Amino acid sequence: MSKQKKFILQESEIPTQWYNIQADMPTKPMPPIHPATKQPLGVDDLAHIFPRECCVQELDTEHRWIDIPEEVLEKYKFYRSTPLVRAYALEEALGTPAHIYFKNESTNPLGSHKINSAIPQCYYAKQEGTTNVTTETGAGQWGAALSYAAKIYGLDCAVYQVKITMQQKPYRSSIMRTFGAVVEGSPSMSTRAGKDILTKDPTHSGSLGTAISEAVELATTTPNCKYTLGSVLNHVGLHQTIIGLEAEKQMEMAGEYPDIVIACFGGGSNFGGIAFPFMRHNLCDGKKTEFIAAEPDSCPKLTRGQFRYDFGDEAGYTPLLPMFTLGHNFKPSNIHAGGLRYHGAGMIVSQLLKDGLMRGVDIPQLETFEAGMLFARTEGIIPAPESCHAIAATIREAKKCKETGEEKVILFNLSGHGLIDMPSYDSFIKGDLQNYTVTDEMIAANLAELDKQ
Ligand SMILES: *Cc1c(COP(=O)(O)O)cnc(C)c1O
């Protein structure tokens, strides 16, 4: 029999519930707290900013399964299920005995997993009578996904895009405008937060932190406008579990179960999406799968950050979140994986990391592009620079298997394609990219600033 390459679910087999790992966590995440009163925030507090149903999901530590609304499932079917693929060609190039699988979340028209949460967030916003949504975007994938989801539910959408990535990836702004969104480079002069940042540093190239500050400000000063977030928060990770739940069924079709699950890490949504459904079998059924989150070594919050309460944004407009963080004032280097330039890790993932249920690895920029090039040349898909981190971590594990002769089953999430990121590949091919290092002193100095506030 010839070897099966792809495992595909019929539409009728797409899961109809998301998995809420909070119900099964040995230690529940600590609550978000109010920056001034330090009191835990409830649904009503958060619902000023976010759609209410998302806030309910955010704080739900009881219900293991959450129904996906029928109207959301219908939109999921525009592009789901996504394929699970056995990377035979990559395995062969590496000469590894490992079995490498990837879940291909790049096959939707927006090109990344972000749409899995954009659709339900806009659906809930619309249900609640919201007319406008706003957000920040780094590399532009979240902004693109939200612009599309807003359009299908008839919402107006304003996106603050990190200035540096607007220059690195100009076509993402074009995609957002095509779907009818208004796009501003952040820091901008259109908000108080943006003006303050530019006054202090006129050459500020922006970060997810600056863009979040601006979007939150717009949401809280515009009637009927809700802020949406593409990562970090618990409800975003919840929506993304559709990835891992599909993958679980598909791995079963392949007759295997992963020894290692890997994803790249910005705020944790695609990692949580693929990892949590498998992690439930570690928590509940005694499985021993290893979970690896791959972050840039220039933004190493998982491996070198501190677990503490910190703001989710640069200006300090968000609630305080319990997270592994480099400090909300951390200015990441201008690496091309724009979606991974974020100072903190989501609350659930931070708690799981603290409890030793997963680990982080740091990857230098050049290694990520080398991995992406090899993947493109073997499997024929040009991965997003973010996803290259997952591929690089996978290659490290596959090489270890080559040394030990172990036939481990490795599953990684291909969070997006890189077809809008070709200027980054051009720079790599020309030899213009570099690695960046962050010293312990830089991190310590940054965290010390937080204690002064
Ligand atoms: C946004 C993004 C990421 C990082 O975000 P997470 O929430 O950590 O998943 C990774 N890959 C791609 C393609 C992205 O668009």
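As the structure is a prediction and not an experimental result, all values here were calculated from the model.

1. A few points about the UniProt feature "domain: Tryptophan synthase beta chain-like PALP" (unreviewed entry) in the chain
Inference 1: Under the local residue numbering, the UniProt record ascribes the feature "domain: Tryptophan synthase beta chain-like PALP" (unreviewed entry) to residues 79-416.
Inference 2: In this annotation, residues 79-416 is assigned 46% helix and 19% strand; the end-to-end C-alpha distance for the span is 14 Å.

2. A look at the site of the ligand
Inference 1: Taken together, the neighbourhood of the ligand is formed by 18 residues, with Lys114, Ser231, Gly266, Ser269 and Ser415 sitting nearest.
Inference 2: At a separation of 2.5 Å, an oxygen atom of the ligand approaches a polar side-chain atom of Ser231.
Inference 3: Here an oxygen atom of the ligand and a backbone polar atom of Gly268 are 2.9 Å apart.
Inference 4: Starting from 380 Å² of accessible surface for the ligand in isolation, the protein chains cover 98%.
Inference 5: The residue inventory of the shell around the ligand, partitioned by class, reads four nonpolar, 12 polar and two charged.

3. A look at the sheet that holds strand β4 (residues 84-86)
Inference 1: Pairing is mixed in the open sheet, where seven strands are placed in the order β1-β4-β5-β15-β10-β11-β14. Each of the sheet's edge strands pairs with one partner strand only, and the pair in question is β1 (6-7) and β14 (359-363).
Inference 2: Across three bridges, the pairing between strand β10 (residues 260-264) and strand β15 (residues 409-414) is parallel. Among the inter-strand pairings, Ile260 is bridged to a residue of β15, identified as Ile410.
Inference 3: Packing against the sheet, helix α15 (residues 365-379) makes contact with β4, β5 (99-104), β14 and β15, and its axis sits at approximately 90° to β14.

4. Points about helix α8 (residues 170-178)
Inference 1: Where α8 is concerned, the buried positions are Arg172, Ser173 and Met176. Looking down the long axis of α8, one finds its buried residues gathered within 100° of arc, a one-sided arrangement. Among the exposed residues of α8, those pointing more than 90 degrees away from its buried face are Tyr171 and Thr178.
Inference 2: Contacts from the buried residues of α8 go to β6 (132-137), α6 (141-152), β7 (156-162), α7 (163-168) and β8 (182-186).
Inference 3: Of the residues one or two after α8, Gly180 is the one with positive phi, at around 95°.

5. Digging into the pairing of strand β11 (residues 290-296)
Inference 1: Counting buried positions over the seven residues of β11 gives six, a clear majority of the element.
Inference 2: With five bridges joining them, β10 and β11 adopt parallel strand pairing. From the neighbouring strand, Ile260 faces β11, where its bridge partner is Glu290.
Inference 3: Between the parallel elements β10 and β11, the chain passes through helix α12 (residues 269-285) in a crossover that is right-handed.

6. Remarks on the packing of aromatic side chains
Inference 1: Per the stated rule, a full pass over the model turns up 15 aromatic pairs.
Inference 2: Seen in terms of ring centroids, Tyr148 and Phe179 are 5.4 Å apart; in terms of plane orientation they differ by 70°. Their pairing is edge-to-face. Taken together, the residues Tyr148 in helix α6 and Phe179 in the loop between α8 and β8 connect sequence positions 31 residues apart.
Inference 3: A relative accessible area of 15% places Tyr148 in the buried class.
Inference 4: By relative accessible area, which is 26% here, Phe179 ends up partly exposed.
Inference 5: Taken together, the ring pairs in this structure connect Phe102, Phe375 and Phe412 into an aromatic cluster.

What counts and what doesn't
Residues numbered from 1 in each chain as written. Predicted model: local features only at pLDDT ≥ 70, side-chain atom pairs only at ≥ 80, totals over all residues. Heavy atoms only, no water. UniProt positions renumbered as here; feature names shortened; annotations may be inferred. Helix = DSSP H or I, 4+ residues; strand = E, 2+ residues; numbered from the N terminus. Near = heavy atom within 4 Å. Polar contact = N/O pair within 3.5 Å; in protein donor to acceptor, adjacent residues only side chain to side chain. Areas by Shrake-Rupley, 256 points an atom, 1.4 Å probe, with all protein chains shown as cover. Nonpolar A, V, L, I, M, F, W, Y, C, P; charged D, E, K, R; others polar. Pairing = 2+ DSSP bridges. Contact = heavy atoms within 4.5 Å. Axes fitted to C-alpha atoms, helices over the stretch in contact; angles between N-to-C directions. Buried < 20%, exposed > 50% of the residue type's maximum accessible area, 1.4 Å probe, protein only. Arc of directions from axis to C-beta. Right-handed = clockwise from strand over helix to strand, strands pointing away. Phe/Tyr/Trp six-rings, centres within 6.5 Å; stacked < 30°, edge-to-face > 60°.

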